[in-house]
Amino acid sequence: MKNWKHAFKLDPNKDITEEEIRRVCESGTDAVIVGGTDGVTFDNVWNLFEQIEPYDVPLVLEISDMEAVVPGFDYYFVPAVLNSKDKTWVLDMQHQAMKLYGDMVEEQLIFSEGYCIVNEEAKAFRKTNCFPVTEEDILAYARLVEQLFPLPIFYLEYSGKKGDTSLIRKVSEELSRTQFFYGGGIQSREEAEEIQGMVDTMIVGNIIYEDFETALQTVPE
Ligand SMILES: CC(C)=CCC/C(C)=C/CC/C(C)=C/CC/C(C)=C/CC/C(C)=C/CC/C(C)=C/CC/C(C)=C/COP(=O)(O)OP(=O)(O)O
Ligand SMILES: O=P(O)(O)OC[C@@H](O)CO
Ligand SMILES: [Mg+2]
């Protein structure tokens, strides 16, 4: 996982053909993450899982709903939304889940993600009741995840919008042990190339559903 440069995020609540799934899995991407903000159910996660599982690419479930934890994935990512106003999204859902699934958790399969959601228009920003963040806030969250409450992943989430590159660089400078995930608004090979080198792992989502051929070109050569 440390070496992942690029991952595609597939939304269980959106339509994709079998042929597109094949091309995503064989694109050279380092991983396929299944996750989304709304309409994620056990059945639509299972449906994607069944189609992706036969391919060799590492397959991750980013858990957004307790009812939609499907067994069999290679890894499980568990978000904690650091800039939520509401403790539910930072700790309480994870606490509840540990009551339900705690005895099934295998340490090497499960990774927590410290999320900072920047784009105020993003569905995830609204759903998890986030407060707007300044550059100072974001850098402090990165330091928190790196130094104080160490988590394996810091996820700078711009979902639907391209992030500020000077800020992305500054975040990168704060993180060494922590893996730096960036996602949001990557819509071309040029944008992917610009972000590569600033972050450990870039996540490409919506463009898969908007311009499939261009999405494939975001995979580094
Ligand atoms: C049964 C079994 C297999 C057990 C295995 C053991 C295991 C792995 C157990 C897990 C236990 C555990 C701790 C689970 C976590 C519980 C849980 C529900 C946590 C949720 C935490 C949380 C903060 C969720 C919200 C996360 C969220 C909303 C993320 C958003 C991600 C995002 C921005 C997606 C992109 O949005 P999109 O939908 O694409 O938006 P658009 O449509 O606008 O594009
Ligand atoms: O959908 P986009 O904007 O590419 O963002 C990717 C990912 O960070 C969403 O969680
Ligand atoms: Mg999306």
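Conventions and cut-offs
Here, residues in each chain are numbered from 1, in the same order as that chain's written sequence. To read the labels, note that chains go from A and ligands from 1, taken in the order they are written. Residue-level local features of this predicted model are given only where pLDDT is at least 70; pairs of side-chain atoms are given and counted only at 80 or more, and the full residue set underlies all totals for whole chains, interfaces and linings. To get the side-chain values, take all heavy atoms of the structure and skip hydrogens and water. Each helix is a run of DSSP H or I of at least 4 residues and each strand a run of E of at least 2, with the numbering of both proceeding from the N terminus. The size measure is the radius of gyration over C-alpha atoms, and the globule rule it meets is 2.2 Å times the number of residues to the 0.38 power. Relative accessible area decides the class of each residue, using a 1.4 Å probe on protein chains only: under 20% of the type maximum gives buried, over 50% gives exposed, and in between gives partly exposed. A contact between two residues is defined here by any heavy atoms of the two lying within 4.5 Å. Computed with a 1.4 Å probe, the accessible areas rest on the Shrake-Rupley method; for each residue, only the protein chains presented here act as cover. A strand pair is defined by DSSP finding two or more bridges across the two strands. As a rule, the C-alpha atoms of each element are fitted with a line to give its axis, helices using only the stretch in contact, and angles between N-to-C directions run from 0 to 180 degrees. Note on terminology: near, applied to a residue and a molecule or strand, indicates that one of the residue's heavy atoms is within 4 Å of it. Polar contacts here mean pairs of N or O atoms no more than 3.5 Å apart (in protein, one a potential hydrogen donor and the other a potential acceptor; neighbouring residues in sequence count only if both atoms are side-chain atoms). Note on residue classes: Ala, Val, Leu, Ile, Met, Phe, Trp, Tyr, Cys and Pro are nonpolar, Asp, Glu, Lys and Arg are charged, and everything else, Gly too, is polar. Only buried residues count toward a nonpolar core, which is a set of Ala, Val, Leu, Ile, Met, Phe, Trp, Tyr and Cys residues joined through side-chain atoms within 4.5 Å. Here, a salt bridge means any Lys or Arg side-chain nitrogen found within 4 Å of an Asp or Glu carboxyl oxygen. If an angle is under 35 degrees, it is roughly parallel; if it is over 145, roughly antiparallel; if it lies from 65 to 115, roughly perpendicular; otherwise it is oblique. In a left-handed crossing the near helix is turned counterclockwise from the far helix by less than a right angle, and in a right-handed crossing that turn is clockwise.

Caption draft 1: Local environment of the overall build of the protein chain. A tally of regular secondary structure across the protein chain gives 9 helices and 8 strands. Against the compact-globule benchmark of 17 Å for 221 residues, the protein chain has a radius of gyration of 16 Å, which places it among compact chains. Expressed along its principal axes, the backbone C-alpha trace of the protein chain runs to roughly 45 × 45 × 30 Å. In the protein chain, which comprises 221 residues, the proportion classed as buried is 48%. In the protein chain, the share of contacts with a sequence separation of at least 24, taken over all contacts with a separation of at least 6, comes to 69%. If you sum the accessible surface of the protein chain, you get close to 11,000 Å²; carbon and sulfur atoms cover 48% of it.

Caption draft 2: Layout of the environment of valine 70. Inspection of the secondary structure assignment puts valine 70 in the loop between β3 (59–62) and β4 (75–81). Its relative accessible area of 0% is what places valine 70 among the buried residues. In this structure, the C-alpha to C-alpha distance between valine 70 and tyrosine 155, residues 85 residues apart in sequence, is 22 Å. Apart from residues no more than four positions distant in its own chain, valine 70 is found in contact with Phe42, Val45, Trp46, Phe49, Leu61 and Tyr76.

Caption draft 3: Structural context of the sheet that holds strand β1 (residues 6–10). Spatially, the 8 strands close up into a barrel ordered β1-β2-β3-β4-β5-β6-β7-β8, and their pairing is parallel. Pairs of neighbouring strands in the sheet enclose a mean axial angle of 30 degrees, with direction left out of account. As defined by bridge partners, strand β2 (residues 31–34) adjoins β3 across 3 bridges and the pair is classed as parallel. Opposite valine 34, over in β3, you have leucine 61 as the bridge partner. Packing against the sheet, helix α5 (residues 135–148) makes contact with β5 (110–117) and β6 (153–157), and its axis sits at approximately 160 degrees to β6.

Caption draft 4: Structural detail: the site of ligand 2. Residues in close proximity to ligand 2 include Lys9, Tyr155, Glu157, Ser159, Gly160, Gly183, Gly184, Gly185, Ile203, Gly205 and Asn206, which together make up its full environment. Between an oxygen atom of ligand 2 and a main-chain N or O atom of glycine 205, the distance comes to 2.9 Å. The fraction of the free accessible surface of ligand 2 (300 Å²) that becomes covered by protein chains is 92%. Among the residues making up the shell around ligand 2, the classes are represented as 2 nonpolar, 7 polar and 2 charged.

Caption draft 5: Region of interest: the nonpolar core. Ile52, Phe73, Phe154, Leu156 and Val171 are the most contacted members of the largest nonpolar core, which has 54 residues in total. Residue contributions to this core peak at 5 residues, all from α5. With near-sequence residues (within four places) excluded, isoleucine 52 lies in contact with Leu10, Ile21, Cys25, Val32, Val34, Val57 and Leu59. One finds Trp4, Val60, Phe77 and Tyr155 within the second-largest nonpolar core, a separate group that totals 19 residues.

Caption draft 6: Up close: the pattern of salt bridges. Evaluated as defined, the whole model comprises 12 salt bridges. The salt bridge partner of aspartate 11 is lysine 14, with a shortest N-O separation of 4.0 Å. Between arginine 22 and glutamate 26 there is a salt bridge, and its shortest N-O distance comes to 2.7 Å. Judged by relative accessible area, which is 29%, arginine 22 ranks as partly exposed.

Caption draft 7: Quick look at the packing of helix α1 (residues 18–25) against helix α2 (residues 42–52). Following both chains from N to C, one finds α1 and α2 inclined at 60 degrees, their axes separated by 10 Å at the closest point. In terms of their interaxial angle, α1 and α2 are classed as oblique. Of the two possible hands of crossing, α1 and α2 adopt the one that is right-handed. For the pair α1 and α2, the contacting residues are Glu18, Ile21 and Cys25 in the first and Leu48, Gln51 and Ile52 in the second. Of the residues belonging to the contact of α1 with α2, the class tally is 4 nonpolar, 1 polar and 1 charged.

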